[in-house]
Amino acid sequence: MGKVIIEPSWKSALLDEFEKEYFVDLADYVRTEYKIKLVYPPPKQVFRAFDMCPFDKVQVVIVGQDPYHGKGQANGLSFSVASDMRLPPSLQNIFKEIESDLNVRPKQSGDLTRWATQGVFMLNAVLTVLANSPASHKGKGWELFTDAVIQTLNTKREHIVYMLWGKYAQEKGAVIDHTKNLVLISGHPSPYSAHLFFNHHHFSQCNEYLVSHGKKPIDWS
């Protein structure tokens, strides 16, 4: 990855993190992996969630696990895929819940850039993955970095809506101060646990909370 190229407000907020030994080792590891193997997302999209959603503009955080590992899918935003890709099952279920909750039918493009530009920070716990090898970059240091990202938001920002779907995301978000933010919890939207995801009305609750704190609601369509 070379020198970390990331949106300036995030670079400022996370400056100390980039200098820690684990991150230096992580950067070396990931840089080497990109040189010798097929890794997703493309290098310029590793920090896309940050680039699309500056630190002071974050309104909503959606925590995912690691990027899609199929060709052309991952684009740096959790649950999102490139616009020409078929919708993955989890995203299909997210769209179904939005339609049920808000009575709006989301555009059938899986590229969620349209959410990111409104302040929806779609953070995967692990930011890179080997092609066709799920969780292959797990335990290399990304989790420490993204824990620090959530902790930094928790310390320096308030009135953010955190959507924690599934046990993994909920453990990741354990540090979040529920008195300063809205924390929404449910099962993961994957087909295996979707029955624990549906009918929690997270999207309407999110918008009601944002409006109650003088913020613009998210257009989830």
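Residues numbered from 1 in each chain as written. Predicted model: local features only at pLDDT ≥ 70, side-chain atom pairs only at ≥ 80, totals over all residues. Heavy atoms only, no water.

A. Inspection of the overall build of the chain at higher detail. Scanning the chain for helices and strands turns up 9 helices and 6 strands. Dimensions along the principal axes, computed over C-alpha positions, put the chain at roughly 45 × 35 × 25 Å. Partitioning the contacts of the chain with sequence separation of at least 6, the portion at a separation of at least 24 is 67%. Accessible surface computed for the chain: about 10400 Å², of which carbon and sulfur atoms make up 54%. (Helix = DSSP H or I, 4+ residues; strand = E, 2+ residues; numbered from the N terminus. Contact = heavy atoms within 4.5 Å. Areas by Shrake-Rupley, 256 points an atom, 1.4 Å probe, with all protein chains shown as cover.)

B. Up close: the nonpolar core. Formed by 64 residues in total, the largest nonpolar core has its most connected members in F50, F121, F145 and W220. Tallying contributions element by element places helix 3 (residues 21-36) first for this core, with 6 residues. Setting aside residues no more than four positions away along its own chain, W220 makes contact with V60, I62, I98, L102, P106, W115, V120, M163, F203, C206 and N207. (Core = buried A, V, L, I, M, F, W, Y, C linked by side-chain atoms within 4.5 Å. Buried < 20%, exposed > 50% of the residue type's maximum accessible area, 1.4 Å probe, protein only.)

C. View of the packing of aromatic side chains. In this structure the tally under the stated criterion is 21 aromatic pairs. Centre to centre, the rings of W10 and F121 are 4.8 Å apart; their planes meet at 25°, and the pair counts as stacked. Here F121 lies in strand 3 (residues 120-124) and W10 lies in helix 1 (residues 8-13), a separation of 111 residues in the sequence. Accessibility expressed as a relative area gives 0% for W10, which makes it buried. Note on F121: relative accessible area 0%, which makes it buried. Linked through ring pairs, W10, F18, Y22, F23, F47, F50, F55, F121, W142 and F145 together constitute an aromatic cluster. (Phe/Tyr/Trp six-rings, centres within 6.5 Å; stacked < 30°, edge-to-face > 60°.)

D. How the structure looks around unusual backbone geometry. For the bond running from Y40 to P41, omega is -5°, close enough to zero to count as cis. Here P41 lies in the loop between strand 1 (39-40) and helix 4 (48-52). Phi at F79 takes a positive value of approximately 70°, unusual for a residue other than glycine. Tracing the backbone through its elements, the reader meets F79 in the loop between strand 2 (60-64) and helix 5 (89-102). A relative accessible area of 9% means that F79 is categorised as buried. We note that N199 has phi near 70°; this positive angle belongs to a residue other than glycine.

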